[in-house]
Amino acid sequence: MTTQQTFSILKPDATRRNLTGAINQKFEENGLRIVAQKRIHMTREQAEGFYAVHKERPFFGELVDFMISEPVVVQVLEGENAVLKNREIMGATNPEEADAGTIRKEFALSIGENSVHGSDSDENAEIEIAYFFKPEELVG
């Protein structure tokens, strides 16, 4: 087992419904530690840059609009196999397909408003963490 870091966003639908604590409790109960955290209101430029990989997809504009609609919480989670563990805790993107007990099964409103984002690989975790955090802001 390897201790690693991964990136997480608590999306606007979660912050609007005051679910920050409940969602973070799930991460912590499942062995992940929050080593950096900020509540921000993403700018259009930040959202477009962060989701640039989806720029050619038809949902890109709607995704950007959603992510800038209200504050989000960006954070870094750390633990054993953190990327995989975070993905398991979040559950499937479609909340109807998510396993019982996962964040998306319990809190998501829809596929689009699915409460959380998490890195899908070690490489993307590094890129996503660096997009929002300076190294000195990671305080394990």
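This text goes with the structure placed above it.
Below is a summary of the structure that appears in this document. Values in this document were obtained by computation on a predicted structure and should not be read as measured data.

Here is what the cut-offs are and how they apply
Residue positions within a chain follow its written sequence, with the count starting from 1. With the structure being a predicted model, the display of local features is reserved for residues of pLDDT at least 70 and the display and counting of side-chain atom pairs for 80 or more, all residues being used for whole-chain, interface and lining totals. Just so you know, side-chain values use all the structure's heavy atoms and leave hydrogens and water out. Secondary structure elements are taken from DSSP: a helix is a run of H or I of four residues or more, a strand is a run of E of two residues or more, and numbering for both begins at the N terminus. With the radius of gyration taken over C-alpha atoms, the globule rule is written as 2.2 Å times the number of residues to the power 0.38. Should any heavy atoms of two residues lie within 4.5 Å, those residues are considered in contact. Buried Ala, Val, Leu, Ile, Met, Phe, Trp, Tyr and Cys residues form a nonpolar core when they are joined through side-chain atoms within 4.5 Å. Remark: exposure states derive from per-residue accessible area (1.4 Å probe, protein chains only) relative to the maximum for the residue type, with buried under 20%, exposed over 50%, and partly exposed in between. Here a cavity is any set of points on a 1 Å grid over the protein atoms alone where a 1.4 Å probe fits but cannot get out, and a pocket is any open set with protein on both sides within 12 Å along at least 5 of 7 lines; a residue lines the site when it has an atom within 4 Å of a point. Grid points are joined across faces, edges and corners, and a volume is the space filled by probe spheres set on the points. Ten residues, namely Ala, Val, Leu, Ile, Met, Phe, Trp, Tyr, Cys and Pro, are considered nonpolar, four, namely Asp, Glu, Lys and Arg, are considered charged, and the remaining ones, Gly among them, are considered polar. Two strands pair under a simple rule: DSSP has to find at least two bridges between them. Only the contacting stretch of a helix is used when fitting its axis, a line to C-alpha atoms as for every element, and angles between N-to-C directions run 0 to 180 degrees.

### Here we look at the overall build of the chain
Secondary structure summary: the chain contains seven helices and four strands in total. What you see for the chain is a C-alpha radius of gyration of 14 Å, in line with the 14 Å of a compact globule of 140 residues. For the chain, the spread of C-alpha atoms along the principal axes amounts to about 40 × 35 × 25 Å. Considering only intrachain contacts with a sequence separation of at least 6, the fraction spanning at least 24 residues in the chain is 76%.

### Considerations on the nonpolar core
In terms of nonpolar packing, the biggest core is built from 21 residues, with Phe7, Ile9, Met42, Met67, Val74, Phe132 and Phe133 touching the most fellow members. Of all elements in the fold, only β1 (3-10), β2 (33-40), α3 (44-50), α4 (60-67), β3 (72-80) and α7 (122-132) reach the threshold of two or more residues within this core. By residue number, the principal contributor to this core is α4, which donates five residues. Discounting chain neighbours no more than four positions away, the residues touching phenylalanine 133 are Phe7, Ala36, Gln37, Lys38, Val74, Gln75, Val76 and Leu138. Counting 14 residues, the second largest nonpolar core, distinct from the first, contains Ile23, Leu32, Ala82 and Val116.

### Brief notes about the layout of surface pockets
Of the volumes computed, that of the largest pocket is approximately 720 Å³. Lining the largest pocket are 24 residues, and of these Tyr51, His54, Phe59, Leu63 and His117 sit closest to its centre. Of all the secondary structure elements, the ones that give two or more residues to the lining of the largest pocket are α4, β4 (116-118) and α7. The class makeup of the residues in the lining of the largest pocket is nine nonpolar, eight polar and seven charged.

### With respect to the sheet that holds β4
Ordered in space as β2-β3-β1-β4, the four strands form an open sheet in which the pairing is antiparallel. The open sheet has two free edges, formed respectively by β2 and β4, since each of these has just one partner strand. The mean angle between the axes of side-by-side strands here comes to 20 degrees, regardless of whether they run parallel or antiparallel. The sheet contact formed by β1 and β3 spans eight bridges and is antiparallel. Following the sheet pairing, leucine 10 is matched in β3 by valine 73. Contacting β1, β3 and β4, helix α5 (residues 82-90) runs over the sheet at an angle of about 35 degrees to β1.

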